[in-house]
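Per-entry structural report
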Amino acid sequence: MLNSFFDINDLSKSQLEAIIYNKVPKKNLKDKQIGCLYEKPSTRTRLSFAVGINQLLGSVIDIKFEELNFSREESFEDTFRAMGCYLDGLIFRTSSHEKLLLGHKYMNKPIINALSDKSHPCQILSDLITLYENFKTLEIEISWFGDFNNVLFSLVQAVNLLDSIKLNIFSHISYIKKTKWIFGNNINIYDELDKTAISRSNCIMTDVFISMNDQTDKEKINLLKKFQVNNNIMQEAQEDCIFMHCLPAKIGLEVTKDVIESSQSVVWKQAANRLPAQMRLMKCINW
Ligand code: CP
Ligand code: NVA
């Protein structure tokens, strides 16, 4: 059982596999009061957690960030101490990963990371389920195009843990993160498009060039443009190659409309799988 879920690395390999293969403990959230706090916008995560908590017989307490006493200068610490008096746990989307850790310290109840500036582990749980549903195996090769962002960070942690997936990362040299990221033997990084690596890919994945916790940066968008996923890239990949994007997308930037709307695109399966992924995760939490 988990006391919180901040990152994929909070799971052991067998816990991660239990979520992917639906071998989690039988458990519900009856009589549990789960707060849902979003410091940043969300559609899929917000709705899939709310529906999942309801389906597990728990209660969703929707907390509006702007209605808390922050505006009257109540501290972050006291806000989380107060939440800990009433709630059994919290789903929290935040601008700063540190707030997840600090929030847990003061609330002293389980917190699930619903996206931070550093990681988006719930998205990757859902994506692994989608990949396994599609290929019936995770002996696959994924190519990621674009930014070194929170979704990629969680994907890298999952690839390191599972060791059956090979991952190629294509990005501009200026945005390749060299510190604090651990790259296992299954991960290769390219600052130019590499036809051989692309031709082995069973999955092409991308995400927005500018994430919600980043400042708009025209230079970055320009430099990442050559890593746009378009039909030329999809045609070079394996015949069974699928396209993945966590959504929302900036169509015309990181991906073209014809790719995201194509029969190879599984973006709506990814969105739908947020629900079973999070329900399985919540059954592994020690509420
Ligand atoms: N993919 C994802 O987390 O979507 P939302 O921002 O809509 O929650
Ligand atoms: N990398 C994106 C993911 C959105 C779900 C962001 O942080 O905005």
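A few points on the structure. (Residues numbered from 1 in each chain as written. Chains lettered and ligands numbered in written order. Predicted model: local features only at pLDDT ≥ 70, side-chain atom pairs only at ≥ 80, totals over all residues. Heavy atoms only, no water.)

1. Notes on the overall build of the chain
Per the secondary structure count, the chain includes 11 helices and 9 strands. By its C-alpha atoms, the chain is 55 × 40 × 35 Å across when sized along the principal axes. Taken across its 287 residues, the chain has 53% of its residues classed as buried. Only carbon and sulfur atoms are counted for the fraction: they give 48% of the accessible area of the chain, which is about 13100 Å². With 34 positive and 34 negative side-chain charges, the chain shows a spacing of 4 Å between the two charge centroids. (Helix = DSSP H or I, 4+ residues; strand = E, 2+ residues; numbered from the N terminus. Buried < 20%, exposed > 50% of the residue type's maximum accessible area, 1.4 Å probe, protein only. Areas by Shrake-Rupley, 256 points an atom, 1.4 Å probe, with all protein chains shown as cover. Lys, Arg positive; Asp, Glu negative; His and termini not counted. Charge placed at Lys NZ, Arg CZ, Asp CG, Glu CD.)

2. Details of the pairing of strand 9 (residues 242-245)
Residues Ile242 and Met244 line one face of strand 9 and the alternating positions Phe243 and His245 line the opposite face, and both faces are buried. Direction of pairing for strand 8 (residues 203-206) relative to strand 9: parallel, over a ladder of 4 bridges. Of the residues in strand 9, the one forming a bridge with Met205 is Met244. (Pairing = 2+ DSSP bridges.)

3. Comments concerning the sheet that holds strand 2 (residues 59-63)
Read across the sheet, 4 strands follow the order 2-1-3-4 without closing on themselves; strand pairing throughout is parallel. A single partner strand is all that each edge strand has here, and the edge strands are strand 2 and strand 4 (111-113). Across this sheet, the average inter-strand angle for adjacent strands is 25 degrees, counted without regard to direction. When strand 1 (residues 33-38) meets strand 2, the two strands line up parallel, connected through 5 bridges. (Axes fitted to C-alpha atoms, helices over the stretch in contact; angles between N-to-C directions.)

4. Digging into the site of ligand 2
Lining the immediate surroundings of ligand 2 are Leu115, His120, Asn149, Asn150, Asp207, Val208, Ser211, Met212, Cys246 and Leu247. One nitrogen or oxygen atom from the side chain of Asn149 is found 3.3 Å from a nitrogen atom belonging to ligand 2. Separating a nitrogen atom of ligand 2 from a side-chain N or O atom of Asp207 is a distance of 2.6 Å. Taking 270 Å² as the accessible area of ligand 2 by itself, protein coverage stands at 94%. (Near = heavy atom within 4 Å. Polar contact = N/O pair within 3.5 Å; in protein donor to acceptor, adjacent residues only side chain to side chain.)

5. Brief notes about the packing of helix 3 (residues 76-86) against helix 4 (residues 97-107)
In the contact formed by helix 3 and helix 4, the axes pass within 7 Å of each other and the chain directions differ by 55 degrees. Taken together, the axes of helix 3 and helix 4 lie oblique to each other. Between helix 3 and helix 4 lies a crossing whose hand is right-handed. Of the residues in helix 4, those touching helix 3 at Phe76, Glu77, Phe80, Arg81, Met83 and Gly84 are Lys99, Leu102, Gly103, Tyr106 and Met107. Among the residues making up the contact of helix 3 with helix 4, the classes are represented as 6 nonpolar, 2 polar and 3 charged. (Parallel < 35°, antiparallel > 145°, perpendicular 65-115°, else oblique. Left-handed = near helix turned anticlockwise from the far one by under 90°. Contact = heavy atoms within 4.5 Å. Nonpolar A, V, L, I, M, F, W, Y, C, P; charged D, E, K, R; others polar.)

6. Some thoughts on the site of ligand 1
Taken together, Ser42, Thr43, Arg44, Thr45, Arg93, His120, Gln123, Cys246, Leu247 and Arg274 make up all the residues around ligand 1. Between an oxygen atom of ligand 1 and a side-chain N or O atom of His120, the distance comes to 2.8 Å. The backbone of Leu247 places a nitrogen or oxygen atom 2.9 Å from a nitrogen atom of ligand 1. When ligand 1 sits alone it has 250 Å² of accessible area, and the protein chains cover 96% of it. In terms of residue class, the shell around ligand 1 is built from 2 nonpolar, 5 polar and 3 charged.

7. Some details on the sheet that holds strand 5 (residues 141-145)
Backbone-to-backbone hydrogen bonds pair the strands of a sheet. The strands run either parallel or antiparallel. Overall, parallel pairing links the 5 strands, which are arranged 7-6-5-8-9 in an open sheet. Each edge of the open sheet carries a strand with a single partner, namely strand 7 (187-190) and strand 9. Across the sheet, the mean angle from the axis of one strand to that of its neighbour is 20 degrees, orientation sign disregarded. Direction of pairing for strand 5 relative to strand 6 (residues 166-170): parallel, over a ladder of 5 bridges.

8. What about the packing of aromatic side chains?
Applying the stated rule across the entire model yields 10 aromatic pairs. Considering the side-chain rings of Phe65 and Phe70, the 5.1 Å spacing of their centres and the 35 degrees angle between planes classify their relative orientation as tilted. When the ring of Phe148 is compared with that of Phe183, the centres are 6.4 Å apart and the planes differ by 80 degrees; the resulting orientation is edge-to-face. Pair noted here: Phe148 is in the loop between strand 5 and helix 6 (150-162) and Phe183 is in the loop between strand 6 and strand 7, with a separation of 35 residues, a long-range link. Owing to a relative accessible area of 26%, Phe183 belongs among the partly exposed residues under this scheme. By way of ring pairs, the aromatic residues Phe148, Phe153, Trp181 and Phe183 are connected into one cluster. Here the guanidinium or amino end of Arg46 rests over the ring plane of Tyr38, the centre of that ring lying 4.7 Å away. (Phe/Tyr/Trp six-rings, centres within 6.5 Å; stacked < 30°, edge-to-face > 60°. Lys NZ or Arg CZ within 6 Å of the ring centre and 35° of its normal.)

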